[in-house]
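# Architecture at a glance
The primary structure of each chain is shown beneath.
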Amino acid sequence: MDTKENLLDMTLEEMQEFLAGLGQERYRAKQIFQWIHKGIKDIDEMTNVSKALRDELKKVSYIGKLQIEQKFVSKIDGTKKYLFSLKDENIIESVLMEYKHGLTACISSQIGCKMGCKFCASSGVGFIRNLSSGEILDQIISMQNDAGKRIGNIVIMGIGEPLDNYDNILKFLKLVNHKEGLNIGLRHISLSTCGLVPKIIELSKENLPITLSISLHAPNDAVREKLMPINRTFSIDKIIEACKIYTEVTKRRITFEYAMIRGVNDSKENALELASKIKGMLCHVNLIPINQIHDVDFKKSGNVEIDKFMGILERYGIETTVRRELGSDISAACGQLRRGLMERTNADKTTSKNEG
Ligand code: SAH
């Protein structure tokens, strides 16, 4: 078995220990850390590190292994979807979006997902494994290098449930925020969860200035249970209680994500019920016309319903936005990731009409 270590999985302190274990000077760790976070792929590119140390490093370690397998570029808005292969040949997806204020990366936290949300294309294909902190980071480094431009914002909203991979996500946040590395501010990072209550409480104690997004999608348990099996474990009331604790401890505003599904969760009564549960909270609601995935019968709500829903929330003083859909021609939108991945298994890898 290959026991080499991924240098991207190491914090600076761990790298110092690693070097000490090789009988090397600890201060070299900073140089190595800077190189790999800059995105070099080969240890020999570390020009200020001696040949002897590079040879030693090559025997016991490697730098990431994310390879771009395919890249799709939206003709509508330039959004890029990447399929990356990992060292063990699993495939993950990440998306790069261009906004007025710069590049935002949407990254995956796991290979597959255990949560089984009914409207999400990541469901139904099972869970394979957690991504390591270095594999999560490598998505950012690889997309940034490919784009040739700095990534300023990150949303952990790709495939997987980040709070189900808690330790690696926290380590990733530390790595990506490191001043010797990419130095991306935690305020520019959003983490989206389906609502794992104990982990929300645990996260509040870390007191990080990230934005927590909760995939709520329903105003009550009856509706939410039809959409999200996790609701049988953590009810809406429990989630809202955890969110209140989170906002009180961190003083950070929470975002509630609400996918608008015609005739399922988009009525006036649904809006009133939601408003009554979250009014007065330090929060913001993001309404997302659901992205239709083809073997599920959920349809997008109409604009009239969305406007009415928004109007009701706003009447209760709840700030509400409607999310713009990006990359719709390349299935880069929420819940559509992974789908392409499954279809890819049978597809011709080298051709794509959207390839940029
Ligand atoms: N597991 C995490 C993060 C991944 S999903 C979570 O549940 O939040 C990222 C977001 O996309 C979530 O808000 C999820 O509910 C939403 N989503 C999934 N499928 C969707 C679809 N078909 N249309 C709109 N949003 C979707």
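Residues numbered from 1 in each chain as written. Predicted model: local features only at pLDDT ≥ 70, side-chain atom pairs only at ≥ 80, totals over all residues. Heavy atoms only, no water.

With mixed pairing, 10 strands are arranged side by side in an open sheet as 3-4-5-6-9-10-11-12-13-14. In the strand order of this sheet, the two ends are held by strand 3 (67-73) and strand 14 (319-322), each with one partner. Looking at each pair of strands side by side, their axes are set apart by 25 degrees on average, direction ignored. Here strand 5 (residues 91-99) pairs with strand 6 (residues 102-106) via five bridges, running antiparallel. By the bridge assignment for strand 6, M97 is matched with T104. The strands that helix 4 (residues 133-147) touches are strand 3, strand 4 (80-85), strand 5, strand 6 and strand 9 (151-156); relative to strand 5, the one it contacts most, it runs at about 50 degrees. (Pairing = 2+ DSSP bridges. Helix = DSSP H or I, 4+ residues; strand = E, 2+ residues; numbered from the N terminus. Axes fitted to C-alpha atoms, helices over the stretch in contact; angles between N-to-C directions. Contact = heavy atoms within 4.5 Å.)

Moving on, we get to the environment of R150. Secondary-structure assignment places R150 in the loop between helix 4 and strand 9. The spatial distance from the C-alpha of R150 to the C-alpha of T211 is 20 Å, given a sequence separation of 61 residues. Look past the residues within four positions of R150 in its chain and what remains in contact with it is L103, Q144, L182, N183 and I184. A polar side-chain atom of R150 sits 3.4 Å from the main-chain carbonyl oxygen of N183. (Polar contact = N/O pair within 3.5 Å; in protein donor to acceptor, adjacent residues only side chain to side chain.)

What follows is about helix 5 (residues 166-176). Considered for burial, the residues of helix 5 that qualify are Y166, I169, L170, F172, L173, L175 and V176. In this fold, the buried residues of helix 5 make contact with helix 2 (28-38), helix 4, strand 9, strand 10 (189-193) and helix 6 (197-206). (Buried < 20%, exposed > 50% of the residue type's maximum accessible area, 1.4 Å probe, protein only.)

It is worth spelling out the confidence of the model for the protein at this point. Scored by pLDDT, the protein has a mean of 91; 92% of the residues are at 70 or more. Contacts of residues 340-356 to residues separated by more than four positions or lying in other chains number 27 contacts, the stretch itself having pLDDT below 50. (pLDDT = per-residue confidence, 0-100.)

Working definition: an aromatic ring pair is given by the centre-to-centre distance plus the angle between the planes. Under the definition given, this model contains two aromatic pairs. Seen from their ring centres, Y82 and F84 are 5.5 Å apart, and the 5 degrees between their planes marks the pair as stacked. Given the relative accessible area of 0%, Y82 is considered buried. The exposure class of F84 is buried, given its relative accessible area of 0%. When the ring of Y258 is compared with that of F309, the centres are 5.0 Å apart and the planes differ by 40 degrees; the resulting orientation is tilted. A residue pair is termed long-range when its members are at least 10 positions apart, and Y258 in strand 12 (residues 254-260) and F309 in helix 10 (residues 303-315) qualify at 51 residues. A cation over a ring is seen here: K38 above W35, with NZ or CZ 5.1 Å from the ring centre. Its end group placed over the ring of F72, K81 keeps NZ or CZ at 5.5 Å from the ring centre. (Phe/Tyr/Trp six-rings, centres within 6.5 Å; stacked < 30°, edge-to-face > 60°. Lys NZ or Arg CZ within 6 Å of the ring centre and 35° of its normal.)

Quick look at the packing of helix 4 against helix 5 now. Helix-helix packing: each pair is described by the crossing angle between the helix axes and the interaxial distance. At a minimum axis distance of 8 Å, the contact between helix 4 and helix 5 shows a crossing angle of 45 degrees. Considering the angle they form, helix 4 stands oblique to helix 5. The chirality of how helix 4 crosses helix 5 is right-handed. Only N168, I169, K171, F172, L175 and V176 of helix 5 make contact with helix 4, whose side of the interface consists of S133, I136, L137 and I140. Of the residues belonging to the contact of helix 4 with helix 5, the class tally is seven nonpolar, two polar and one charged. (Parallel < 35°, antiparallel > 145°, perpendicular 65-115°, else oblique. Left-handed = near helix turned anticlockwise from the far one by under 90°. Nonpolar A, V, L, I, M, F, W, Y, C, P; charged D, E, K, R; others polar.)

Let us look at helix 9 (residues 268-278). Every buried residue of helix 9 is accounted for by N270, A271, L274, A275 and I278. Buried residues of helix 9 fall within an arc of 130 degrees about the axis and therefore sit on the same side. Those residues of helix 9 that are exposed and aimed more than 90 degrees away from the buried face are K268 and E269. Looking at the buried positions of helix 9, the neighbouring elements they touch are helix 8 (236-250), strand 12, strand 13 (283-289) and helix 10. Immediately beyond the C-terminal end of helix 9, within one or two residues, lies G280, with a positive phi of roughly 85 degrees. (Arc of directions from axis to C-beta.)

This part covers the packing of helix 1 (residues 12-21) against helix 2. In the contact formed by helix 1 and helix 2, the axes pass within 9 Å of each other and the chain directions differ by 125 degrees. On the basis of the axis angle, helix 1 is oblique to helix 2. Helix 2 is crossed by helix 1, and the crossing has right-handed handedness. Facing helix 1, whose interface residues are L12, M15, Q16 and L19, helix 2 presents R28, A29, K30, I32, F33 and I36. Looking at the contact of helix 1 with helix 2, its residues break down into seven nonpolar, one polar and two charged.

Okay, the environment of I107 next. In this structure, I107 sits in the loop between strand 6 and strand 7 (110-112). For I107, a relative accessible area of 0% gives the class buried. Spatially, the C-alpha atoms of I107 and M157 are 6.2 Å apart, while their sequence positions differ by 50 residues.

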